[in-house]
Amino acid sequence: MSKTDWKNTPKKLKEEKLTNRVLINFGYILLGYVLLWIFYLYATGRMSIQLLTSYPIVMLCILILFLAGMAACYLLAKREPGLKNYGHMLLGVSAAVFYLNFAFYTRWLAPTALPGPLASFVSFVKNTAKSYSVVAILMLVYLVFMIVYNSFILYKNPAKTAQSKKKSKKQ
């Protein structure tokens, strides 16, 4: 939807669209937390799946699938503009999956060989349990941001902005 269409949209329809957006994002975040918990249990060895023998390889395959989906969404967005939003979402999920499996990609990097502050940072980034906590916190921050941002869009007063534009044109 273009900006001119959005300005001409009735307030009731705007409320419905923004509420749906928040609810969909809330559902994605809940699904993300469930999957994050399952993969956390799998990564720490508390849950064993016989078919999936190697956590890093499974996470690498998931990363490749999400990157392929992201590329497909961006390529198809030329025909269907709504797919660009899904491409952005898959980019974020791909970044989270990459970060969760970062210790596997950098297994050759020993934190003890680095200088003090950098060594503590690298050991924090490579800690699997802490990376799951960081991703969970970032998901919560995203959800709060979406709610606040959409509330701001929904409840800002268009009459005040129109009056301020008229005043600035008169001057």
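Preceding this section is the structure that the text describes.
This section reports on the structure supplied with the text. Residue numbers restart at each chain and count upward from 1, following the sequence in its written direction. Thresholds applied to this predicted model are a pLDDT of at least 70 for local features of residues and 80 or more for the giving and counting of side-chain atom pairs; totals over whole chains, interfaces and linings are not thresholded and use all residues. Just so you know, side-chain values use all the structure's heavy atoms and leave hydrogens and water out.

### Focus: the overall build of the protein
Then, in step 1: Helix and strand definitions here come from DSSP, where helices need a minimum of 4 consecutive H or I residues and strands a minimum of 2 consecutive E residues; each element is numbered from the N-terminal end. A count of helical and extended segments in the protein gives eight helices and zero strands.
Then, in step 2: Ordered by position from N to C terminus, the α and β elements of the protein give α-α-α-α-α-α-α-α.
Then, in step 3: Counting contacts in the protein only where the partners sit at least 6 residues apart, residues at least 24 apart contribute 58% of the total. Throughout, a contact is declared for two residues whenever any of their heavy atoms are within 4.5 Å.

### Quick look at the environment of Met 70
Then, in step 1: Its location among the elements puts Met 70 in helix H3 (residues 55-76).
Then, in step 2: In sequence terms Met 70 and Tyr 86 are 16 residues apart; their C-alpha atoms lie 7.5 Å from each other.
Then, in step 3: When residues no more than four places from it in sequence are discounted, the contact partners of Met 70 are Gly 87, Leu 90 and Leu 91.

### Details of H3
Then, in step 1: In this analysis, the expected span of each helix is defined as 1.5 Å times one less than the number of residues it contains. In this model H3 runs 31 Å from its N-terminal to its C-terminal C-alpha over 22 residues, within 8% of the 32 Å that 1.5 Å per residue would give.
Then, in step 2: Where H3 is concerned, the buried positions are Tyr 55, Val 58, Met 59, Ile 62, Leu 63, Met 70 and Cys 73. Considered in projection along H3, the buried side chains sweep an arc of 140° and stay on one side of the axis. For H3, the exposed residues lying more than 90 degrees away from the buried face are Ile 64, Leu 65 and Leu 75.
Then, in step 3: Its buried side turned inward, H3 meets helix H2 (11-43), helix H4 (83-100), helix H5 (102-105) and helix H7 (128-155). Using a 1.4 Å probe on the protein chains alone, a residue whose accessible area is under 20% of its type maximum counts as buried, one over 50% counts as exposed, and one in between counts as partly exposed. This arc is taken over the directions from the axis of the helix to the C-beta atoms.

### Some words on the nonpolar core
Then, in step 1: Definition of nonpolar core: a set of buried residues of the types Ala, Val, Leu, Ile, Met, Phe, Trp, Tyr and Cys, connected through side-chain atoms within 4.5 Å. Judged by nonpolar contacts, the single largest core of 19 residues is most densely connected at Leu 36, Tyr 55, Met 59, Leu 100, Tyr 132 and Val 135.
Then, in step 2: When contributions to this core are tallied by element, the ones reaching two or more residues are H2, H3, H4 and H7.
Then, in step 3: If near-sequence neighbours (up to four positions away) are discounted, Met 59 is found in contact with Phe 39, Val 97, Leu 100, Asn 101 and Tyr 132.

### As for a nonpolar patch on the surface
Then, in step 1: Within the patch definition used here, like charges are joined within 9 Å and nonpolar side chains (Val, Leu, Ile, Met, Phe, Trp, Tyr) within 5 Å, considering only residues with over 30% relative accessible area and no salt bridge. Only the protein chains shown count as cover for residues, with accessible areas throughout obtained via the Shrake-Rupley method and a probe of 1.4 Å. A pair is scored as a salt bridge if a Lys or Arg side-chain nitrogen falls within 4 Å of a carboxyl oxygen belonging to Asp or Glu. Taken together, Ile 24, Tyr 28, Tyr 86 and Met 89 make up a surface patch of nonpolar side chains, about 350 Å² in accessible area.
Then, in step 2: Mapped onto the nonpolar patch, the elements with two or more residues apiece are H2 and H4.
Then, in step 3: Summarising the element assignment, Ile 24 is placed in helix H2.
Then, in step 4: Residue Ile 24 is classed as partly exposed on the basis of its relative accessible area, which comes to 47%.

### What about H2?
Then, in step 1: If you check H2, its first and last C-alpha atoms are 47 Å apart, about what 33 residues at 1.5 Å a residue would give, namely 48 Å.
Then, in step 2: Just beyond H2, the residue with positive phi is Gly 45, at close to 85°.

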